[in-house]
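Analysis of the macromolecular model
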Amino acid sequence: MSSRDNYSDYHDIIVIGAGVGGIYQIKMLSDLGYDAILLEGDDDLGGTWYRNRYPGCRFDSESYTYGYSFSRELLDEWHWKERFSSQPENLKYLNFVADKFDLRRHMRFNTYVQSMTWHEGERVWVLQIKGGGEYRARFVVSSMGPLSAPTLPDIEGRDTFAGESFHTFWWPKDPLSLQGKRVGIIGTGATGIQVIGEIADKVGELTVFQRRPNWSSPLNNSPISAHEMANIRSRYDEIFATCASTPSGFEHQPDRRGFWNLTHDERVAFWDELYQASGFAILAGNFAEVYTDEAANAELSEYIANRIRQRVHDPETAEQLIPKDHGFGMQRLPLETHYFEVYNRDNVNLVNINATPIERITPQGIETTAAQYDLDLIIYATGFDAVTGAYDRLDIRGVEGALLKDKWRHGPQTYFGFMSHGYPNLFMIAGPQSASGASNFPRAIEVNVEGVSGVLEYVMTNALTRVEAQAEAEVHWVQEVARSYEKLLLRKGKGWFVGYNSNVAGHDGSTNRFPAYQGGGARFAKLYKEAMADNYRGLEFQ
Ligand code: NAP
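Residues numbered from 1 in each chain as written. Predicted model: local features only at pLDDT ≥ 70, side-chain atom pairs only at ≥ 80, totals over all residues. Heavy atoms only, no water.

1. A few points about the overall build of the protein chain
- Each helix and strand in the protein chain was counted, giving 18 helices and 20 strands.
- Taking 24 Å as the expected radius of gyration for a compact globule of 542 residues, we find that the protein chain reaches 23 Å, a close match to that expectation.
- With respect to the three principal axes, the spread of C-alpha positions in the protein chain is 75 × 60 × 50 Å.
- Looking at the protein chain as a whole, 57% of its 542 residues qualify as buried.
- For the protein chain, restricting intrachain contacts to residue pairs at least 6 apart in sequence, the fraction spanning at least 24 positions comes to 71%.
- Approximately 22,000 Å² of the protein chain is accessible, and the part contributed by carbon and sulfur atoms is 48%.
- Across the protein chain, the mean location of the 53 positive side-chain charges is 1 Å away from that of the 71 negative side-chain charges. (Helix = DSSP H or I, 4+ residues; strand = E, 2+ residues; numbered from the N terminus. Rg over C-alpha atoms; globule rule 2.2 N^0.38 Å. Buried < 20%, exposed > 50% of the residue type's maximum accessible area, 1.4 Å probe, protein only. Contact = heavy atoms within 4.5 Å. Areas by Shrake-Rupley, 256 points an atom, 1.4 Å probe, with all protein chains shown as cover. Lys, Arg positive; Asp, Glu negative; His and termini not counted. Charge placed at Lys NZ, Arg CZ, Asp CG, Glu CD.)

Now the structure itself:
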């Protein structure tokens, strides 16, 4: 008797998560004609673009390099209205895709998977659902997202605040008036910088509680006219081919002239161009040396620091906004729109909580060692238990009941970020140690989804019941990922690229965690595709 006959809630394949990865994955599996469904904890699809509704939320990727590349019809039908499209429009896009390909019929919403256990005898995963009920599947594809486990700071009295407070990930769906409100925000990462830039002129007073400043450079957004969109459509093949060939997965190409082959003035002239350009041009289009050579990095950092000094009127405030503990590009670069000018406004106050730490949250607001700030609203832009957080929060038990969280205690261990030894028949999209984290997400996600679909097609066609990453192949990949950090200055940073999060036990920088492959999207795709084409090297089938 097959598993299908044993259980009424059995499916051959279950996909978890209806974000960018899950949507494409369920499309591919349904196109292949498999018995597959998608489980989503939220009440609708969209993943990161469903949850992150905070003001100012938008792509940092050029919109037309972010969208799916798999359907010419889709590319022809969709008009990106801005170079860096905003959250509501991005959510509309994902709904458009799901509706166009009739994917909702495969999706079960309000179905939050809280644990998963592998049953070796029957070769099935049993998925327990929060609130009761379970599903069974021979294969599971987890697309839970690398930035889906928000973290709140552990501050005394956090729950006593009398006003409204929430993490940016949980920004309310209902319209929220900010007019006249005294707003406090903790966190100045990519999210905080977007929110602050957007709301400063809409609130009564804004107090920014900054622990460590971040480097940030202009997004330089602009509308995309119908004429320009027609041109983009005609270039889509070229655009995606370029993205597939660059380390970052963007169109921006690293400059190959060599940092030290140019004079200082020539470098500055080049950086002036990059600072006016849009998106990650200044990050991904710069000299490779600025990410490996301390002296080159220091020179670029000083250039960006001077830009901040020019934009912020008060020299003391400017100095507080300039990172002193890490160089430009050592952490994920937030992109900004008029962010630094915000600090020239009378209603904005920057509080350095390194100098005067937050002592507690009171019903009235936030109390630091120096002052009490009365507030109506507290926004926590305090980031995520990135990459492994979504997995650690689930109880995932593989062979002999081993908990995945225990295996990954000192950092994730995966094979190409898409399988982990001891967890057969479980695939990951944008998983730990894949290329997704360090490149344009959807470009890497497409490689990943197509790879998983290829393996599934192979097992289904050959009526195989078990596939697992070999232990030795995994060790090699983990070493390769660690090596990808070796030359990069970012290994010295304190951001999610090195698995740092002060709000998560054990993620305080005391151990080396290597959450993302840093060798570039193009190289990752080459190695991954070669291994899969070489008889699925590193995988063991039964
Ligand atoms: P983040 O980069 O981790 O930043 C969190 C911020 O909160 C940091 O400034 C951090 O300070 C601060 N913080 C954390 N705990 C704190 C505490 N206990 N006390 C005081 N301050 C605390 O998180 P994020 O800004 O949400 O961004 C996460 C990632 O999401 C980004 O790197 C990016 O990949 C993605 N993202 C993408 C977009 C986009 O594509 N458009 C937009 C937003 C975010 P420290 O630096 O001192 O730790």
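2. Thoughts on the sheet that holds strand S15 (residues 372–374)
- If you walk across this open sheet you meet the three strands as S13-S14-S15, and the pairing is antiparallel. Every other strand in the sheet has two partners, leaving strand S13 (358–361) and S15 as the edge strands with one partner each. In this sheet, neighbouring strand axes are inclined to one another by 20 degrees on average, regardless of whether the strands run parallel or antiparallel. (Pairing = 2+ DSSP bridges. Axes fitted to C-alpha atoms, helices over the stretch in contact; angles between N-to-C directions.)

3. Remarks on the nonpolar core
- Residues Leu-206, Tyr-343, Tyr-415, Phe-418, Phe-427 and Leu-539 are the most contacted members of the largest nonpolar core, which totals 129 residues.
- Considering every element that reaches this core, the biggest residue donor is helix H16 (residues 441–461), with seven residues.
- Not counting residues within four places of it along the chain, the set of residues in contact with Phe-427 comprises Phe-139, Val-140, Val-141, Ser-142, Phe-418, Met-419, Val-452, Val-455, Leu-456 and Val-467.
- If you look at the next biggest cluster of nonpolar residues, it comprises 23 residues, including Leu-39, Val-113, Ala-137 and Met-144. (Core = buried A, V, L, I, M, F, W, Y, C linked by side-chain atoms within 4.5 Å.)

4. Remarks on the sheet that holds strand S9 (residues 205–210)
- Ordered by their spatial adjacency, five strands build an open sheet running S7-S16-S8-S9-S12, and the pairing between neighbours is parallel. What marks the edges here is a single partner per strand, and that holds for strand S7 (164–167) and strand S12 (348–352). Neighbour to neighbour, the strand axes of the sheet diverge by 15 degrees on average, direction disregarded.
- Against the sheet, helix H7 (residues 190–199) engages strand S8 (182–186), S9 and strand S16 (377–380), with an angle of about 160 degrees to S8.

5. As for the pairing of strand S5 (residues 124–129)
- Within S5, five of the six residues are buried, which leaves it mostly tucked inside the rest of the structure.
- Relative to S5, strand S4 (residues 113–119) runs antiparallel, the two sharing six bridges. The residue bridging Ser-115 from the neighbouring strand is Gln-128, located in S5.
- Note: S5 against strand S6 (residues 134–142), four bridges, orientation antiparallel. For Gln-128, the partnering residue across the bridge sits in S6 and is Glu-134.
- Here S5 folds back onto S6, and the loop between the two strands holds four residues, one of which, Gly-131, carries a positive phi near 90 degrees.

6. Thoughts on the site of the ligand
- The local shell around the ligand holds 24 residues, among which Arg-58, Thr-191, Arg-211, Trp-496 and Asn-503 are the closest.
- Within the backbone of Asp-60, a nitrogen or oxygen atom sits 3.4 Å from a nitrogen atom of the ligand.
- Taking Gln-194, its side chain carries an N or O atom lying 3.4 Å from a nitrogen atom of the ligand.
- In isolation the ligand exposes 910 Å². Once the protein is present, 86% of that is buried.
- Across the shell around the ligand, the residue classes tally to 11 nonpolar, eight polar and five charged. (Near = heavy atom within 4 Å. Polar contact = N/O pair within 3.5 Å; in protein donor to acceptor, adjacent residues only side chain to side chain. Nonpolar A, V, L, I, M, F, W, Y, C, P; charged D, E, K, R; others polar.)

7. Re the pattern of salt bridges
- Applying the stated criterion across every chain, the model contains 45 salt bridges.
- Residues Glu-446 and Arg-443 are paired through a salt bridge, measuring 3.0 Å at the closest nitrogen-oxygen approach. Here Glu-446 pairs with Arg-443, and both are found in helix H16, just three residues apart, close to one helical turn. Across the pair, exposure class does not vary: Glu-446 and Arg-443 are buried alike.
- The network of salt bridges with common partners includes Glu-120, Arg-123, Arg-466 and Glu-468. (Salt bridge = Lys/Arg side-chain N within 4 Å of Asp/Glu carboxyl O.)

8. Focus: the packing of aromatic side chains
- Taken as a whole and assessed by the stated rule, the structure comprises 47 aromatic pairs.
- With centroids separated by 6.3 Å and ring planes inclined at 65 degrees, the aromatic side chains of Trp-215 and Phe-328 adopt a geometry described as edge-to-face. Within this pair, whereas Trp-215 is found in the loop between S9 and strand S10 (217–218), its partner Phe-328 is found in the loop between helix H13 (315–320) and strand S11 (335–336), the two being separated by 113 residues in sequence. Across the pair, Phe-328 and Trp-215 agree in class, each one buried.
- The interplanar angle of 45 degrees and the centroid separation of 6.5 Å between the aromatic rings of Tyr-415 and Phe-418 together place this pair among those described as tilted. Each of the two residues, Tyr-415 as well as Phe-418, counts as buried.
- Aromatic rings pair up to connect Tyr-24, Trp-49, Phe-59, Tyr-66, Tyr-68, Phe-70, Trp-78, Trp-80, Tyr-93, Phe-96 and Phe-101 into one cluster.
- Its end group placed over the ring of Phe-101, Lys-100 keeps NZ or CZ at 5.6 Å from the ring centre. (Phe/Tyr/Trp six-rings, centres within 6.5 Å; stacked < 30°, edge-to-face > 60°. Lys NZ or Arg CZ within 6 Å of the ring centre and 35° of its normal.)

9. Some details on the environment of His-338
- By the element assignment, His-338 lies in the loop between S11 and S12.
- Residue classification places His-338 among the exposed positions, given a relative accessible area of 57%.
- Between the alpha carbons of His-338 and Ser-217 there is a distance of 9.7 Å; along the sequence they are 121 residues apart.

10. Description of helix H2 (residues 20–31)
- With 12 residues, H2 ought to run about 16 Å at 1.5 Å a step, and its terminal C-alpha atoms sit 17 Å apart, in line with that.
- Burial of H2 is extensive: nine of the 12 residues sit out of reach of the surface.
- Of the positions making up H2, those classed as buried are Val-20, Gly-21, Gly-22, Ile-23, Tyr-24, Gln-25, Ile-26, Lys-27 and Leu-29.
- Following H2 by one or two positions, Gly-33 adopts a phi angle in the positive range, close to 85 degrees. (Expected span 1.5 Å × (residues − 1).)

11. Quick word on unusual backbone geometry
- Even without being a glycine, Asp-102 presents a positive backbone phi close to 55 degrees.
- By secondary structure assignment, the location of Asp-102 is in the loop between helix H6 (87–100) and strand S3 (107–108).
- In this structure, Ala-430 is a non-glycine residue whose phi angle is positive, near 55 degrees.
- If you trace the backbone, Ala-430 turns up in the loop between strand S18 (426–428) and H16.
- Residue classification places Ala-430 among the buried positions, given a relative accessible area of 8%.

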